[in-house]
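Spelled out from the first residue to the last, the chains are:
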Amino acid sequence: QVQLVESGGGLVQPGGSLRLSCVASGSISSIYAMAWYRRAPGKQREFVADITNGGNTDYADNVKGRFTISRDDAKITVYLQMNSLKPEDTAVYYCNVQTQIGVNYWGKGTLVTVSS
């Protein structure tokens, strides 16, 4: 059984910071990439950032320069450092793991609310 558990969400003021964590457990095959997605109210899930097995990173244009994705291979954990948060960042953030054989796993999400 594979399980991804996100944590670190909460209520923050505009301009504030949060660090999200996602810990994976279970028998996961070789990982190709780990990623963060989010779903804002009334919108579909969208890509936020990912990091590949080789360490390459990619970010959505609207978070570049503000968010940083990183990982800890020993703990099978991925992080998302979010700085300069804006109200439009309000969303449920989901952790995603992609394996080299094409299997995707998803967490249940953690809510980030950016508001005064």
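Before any of the text, the structure's been laid out above.
Since the model is a prediction, treat every value here as computed from it, not as a measurement. (Residues numbered from 1 in each chain as written. Predicted model: local features only at pLDDT ≥ 70, side-chain atom pairs only at ≥ 80, totals over all residues. Heavy atoms only, no water.)

Assigned secondary structure in the chain consists of 0 helices and 11 strands. When the elements of the chain are put in sequence order from the N terminus, they spell out β-β-β-β-β-β-β-β-β-β-β. Taken along its principal axes, the extent of the C-alpha atoms in the chain is 40 × 25 × 25 Å. Out of the 116 residues belonging to the chain, those deemed buried represent 41%. For the chain, the proportion of contacts with a sequence separation of at least 24, taken over those separated by at least 6, is 53%. Roughly 6200 Å² of accessible area belongs to the chain as shown, and the carbon and sulfur atoms make up 45% of that amount. Across the chain, the 11 positively charged side chains and the 9 negatively charged ones have centroids separated by 4 Å. (Helix = DSSP H or I, 4+ residues; strand = E, 2+ residues; numbered from the N terminus. Buried < 20%, exposed > 50% of the residue type's maximum accessible area, 1.4 Å probe, protein only. Contact = heavy atoms within 4.5 Å. Areas by Shrake-Rupley, 256 points an atom, 1.4 Å probe, with all protein chains shown as cover. Lys, Arg positive; Asp, Glu negative; His and termini not counted. Charge placed at Lys NZ, Arg CZ, Asp CG, Glu CD.)

All right, on to the pattern of salt bridges then. Summed over all chains, the structure comprises 4 salt bridges. Residues Arg38 and Asp89 are paired through a salt bridge, measuring 3.0 Å at the closest nitrogen-oxygen approach. One end of the pair, Arg38, is in strand β4 (residues 31-39); the other, Asp89, is in the loop between β8 (77-82) and β9 (91-99), and 51 residues separate them in sequence. There is no split in this pair, since Arg38 and Asp89 are both buried. Lys64 is the partner of Asp61 in a salt bridge, and the nearest nitrogen-oxygen pair spans 3.2 Å. (Salt bridge = Lys/Arg side-chain N within 4 Å of Asp/Glu carboxyl O.)

Bringing unusual backbone geometry into the picture now. Negative phi is the rule for most residues except glycine; trans is the rule for most peptide bonds. Unlike most non-glycine residues, Ile76 shows phi in positive territory, near 50 degrees. Assessed through its relative accessible area of 31%, Ile76 is described here as partly exposed. Unlike most non-glycine residues, Ser84 shows phi in positive territory, near 50 degrees. Residue placement: Ser84 occurs in the loop between β8 and β9.

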